[in-house]
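Topology and contacts: notes
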Amino acid sequence: MWSGRKLGSSGGWFLRVLGPGGCNTKAARPLISSAVYVKNQLSWTLQIKPGVFNEYRTIWFKSYRTIFSCLNRIKSFRYPCARLYSTSQTTVDSGEVKTFLALAHKWWDEQGVYAPLHSMNDLRVPFIRDNLLKTIPNHQPGKPLLGMKILDVGCGGGLLTEPLGRLGASVIGIDPVDENIKTAQCHKSFDPVLDKRIEYRVCSLEEIVEETAETFDAVVASEVVEHVIDLETFLQCCCQVLKPGGSLFITTINKTQLSYALGIVFSEQIAGIVPKGTHTWEKFVSPETLESILESNGLSVQTVVGMLYNPFSGYWHWSENTSLNYAAHAVKSRVQEHPTSAEFVLKGETEELQANACTNPAVHEELKK
């Protein structure tokens, strides 16, 4: 029998095992002498004494202490039918938000800290445009992406959102930093055409995933995945909002020794190309890891290509080497159409007739007719 009482202010519980009849008898020599649950540790600790159950004389225990961390597993368990996202499970890193908040007013300074991102548009805009045009049989000159809906995740000040809007696409740019969106809104307002094609929202991806499920022809996460705290959930959400056959575009930094040396030590601490603390090497992701996560979520990786930045010229160029920056394009698999009930019936009747034809000559002659 169990009995228990709560422990002081810790919020935990102390439990003990009572012998037969509810008495705490030494003759019974209980199997578990005590069990303590500490709230802050989220684990059960069972202290087990070596000995024999006198009633059965069959079980001996040699271990003195067994720790079950089952509560940690239960906390993260999800039923297979449950969604893998929620508004409480954010992929946004609050530390990253503070970093970008301090730089929100510098997005459109082409000679400032975001100069490499301005220059990167020379590669990433054509990369997105050309791969999307493969899915469009006919496109309008000057507005090749007209009619396409694109989600720009982590849009910042709109550096990539605006060029996509100028190509004719309807673009929604989202960012968790309020000041970033204010900067983007302000800059967009100078162009009446963009004002109609682009919409900005202050939110994270997981906050809009339910309302925008299978909505977008393309999702763009450029220089974003190396800043999230839960990469798998983030990519799952990207897949959720894509239409079947839709495209996901990612540019990010590989997780290599070279990327640490050049991407953090040189770029941040020596040359000052980007502010210190902008990147965390542990968050960098290799193309192999990225591809594995994408394929497990029903996306097929079409292209992975390296990108190199020349800090002296200020220009990017494509490369076969992906050990630093790289771009990836993946396509969401199309949902297979399931046959209707009428098709099942027709198929069943046909199979039955064919089976009977093998044994019944009359049926075989009927099928010939």
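As the structure is a computational prediction, the values presented were derived from the model and not from experiment. (Residues numbered from 1 in each chain as written. Predicted model: local features only at pLDDT ≥ 70, side-chain atom pairs only at ≥ 80, totals over all residues. Heavy atoms only, no water.)

Attention shifts here to the UniProt feature "binding site: Mg(2+)" (unreviewed entry) in the protein. Look at the UniProt record and you will see "binding site: Mg(2+)" (unreviewed entry) annotated at Glu223, Glu226 and His227. For glutamate 223, the position within the fold is in the loop between strand E9 (216-222) and helix H8 (231-241). Apart from the residues lying within four places of it in its own chain, the contact partners of glutamate 223 are Leu117, Met120, Thr251, Thr252, Ile253 and Asn325. Polar contacts involving the side chain of glutamate 223 include one to the side chain of threonine 251, which spans 2.6 Å. Relative to the assigned elements, glutamate 226 resides in the loop between E9 and H8. With relative accessibility at 0%, the residue glutamate 226 sits in the buried group. With near-sequence residues (within four places) excluded, glutamate 226 lies in contact with Glu96, Thr251, Thr252, Ile253, His279, Lys283 and Phe284. (UniProt positions renumbered as here; feature names shortened; annotations may be inferred. Helix = DSSP H or I, 4+ residues; strand = E, 2+ residues; numbered from the N terminus. Contact = heavy atoms within 4.5 Å. Polar contact = N/O pair within 3.5 Å; in protein donor to acceptor, adjacent residues only side chain to side chain. Buried < 20%, exposed > 50% of the residue type's maximum accessible area, 1.4 Å probe, protein only.)

Glycine aside, the phi torsion of most residues is negative, and most peptide linkages are trans. We note that glutamate 214 has phi near 50 degrees; this positive angle belongs to a residue other than glycine. Inspection of the secondary structure assignment puts glutamate 214 in the loop between helix H7 (205-208) and E9. Although it is not a glycine, glutamate 223 sits at a positive phi angle of roughly 55 degrees. Residue classification places glutamate 223 among the buried residues on the basis of a relative accessible area of 14%.

In this section: helix H3 (residues 115-133). Between its terminal C-alpha atoms H3 stretches 28 Å, which fits the 27 Å expected from 19 residues at 1.5 Å a residue. The principal kink in H3, of about 40 degrees, is found at asparagine 121. Burial within H3 is extensive, with 15 of its 19 residues counted as buried. (Expected span 1.5 Å × (residues − 1). Bend = angle between axes of the 7 residues up to and from the residue.)

This part covers empty space enclosed by the protein. Here the structure, examined in full by the defined rule, presents one cavity of 30 Å³ or more. When its volume is computed, the largest cavity comes out at roughly 40 Å³. Contributing elements (two or more residues each) for the lining of the largest cavity: H3, E9 and strand E10 (242-253). The class makeup of the residues in the lining of the largest cavity is six nonpolar, two polar and one charged. (1 Å grid on protein atoms, 1.4 Å probe; cavity = no way out; pocket = protein on both sides within 12 Å on 5 of 7 lines; lining within 4 Å. Points joined across faces, edges and corners; volume = space filled by probe spheres on them. Nonpolar A, V, L, I, M, F, W, Y, C, P; charged D, E, K, R; others polar.)

The residue glutamate 268 is located in helix H9 (residues 257-270) in this model. Salt bridges are absent for the buried glutamate 268, whose nearest opposite-charge side chain, lysine 276, sits at 8.6 Å. At a separation of 3.0 Å, a polar atom in the side chain of glutamate 268 contacts the main-chain amide nitrogen of histidine 279. Once residues within four sequence positions are removed from consideration, glutamate 268 is found in contact with Gly263, Val274, Pro275, Lys276, Gly277, Thr278 and His279. (Lys, Arg positive; Asp, Glu negative; His and termini not counted. Salt bridge = Lys/Arg side-chain N within 4 Å of Asp/Glu carboxyl O.)

For the rest of this paragraph, the subject is helix H5 (residues 178-188). Asn180, Ile181, Thr183, Ala184 and Lys188 are the residues of H5 that are buried. Down the axis of H5, the smallest arc covering the buried residues is 160 degrees, so these residues share one side. (Arc of directions from axis to C-beta.)

Attention now goes to the pattern of salt bridges. The final tally for this structure, using the stated rule, is 10 salt bridges. For arginine 201, the salt bridge goes to glutamate 211, with nearest N and O atoms at 3.2 Å. Taken together, the residues arginine 201 in strand E8 (residues 198-202) and glutamate 211 in the loop between H7 and E9 connect sequence positions 10 residues apart. Classification of glutamate 211 by relative accessible area gives exposed; the value is 56%. Here lysine 243 makes a salt bridge to aspartate 217, at a shortest N to O gap of 3.4 Å.

Turning next to the pairing of strand E7 (residues 170-175). For E7, the tally of buried residues reaches five of six residues, placing the bulk of the element in the interior. Relative to E7, strand E6 (residues 149-153) runs parallel, the two sharing five bridges. Across the sheet, residue valine 153 finds its bridge partner in E7, namely isoleucine 174. Relative to E8, E7 runs parallel, the two being bridged by five bridges. Among the inter-strand pairings, glycine 173 is bridged to a residue of E8, identified as tyrosine 200. (Pairing = 2+ DSSP bridges.)

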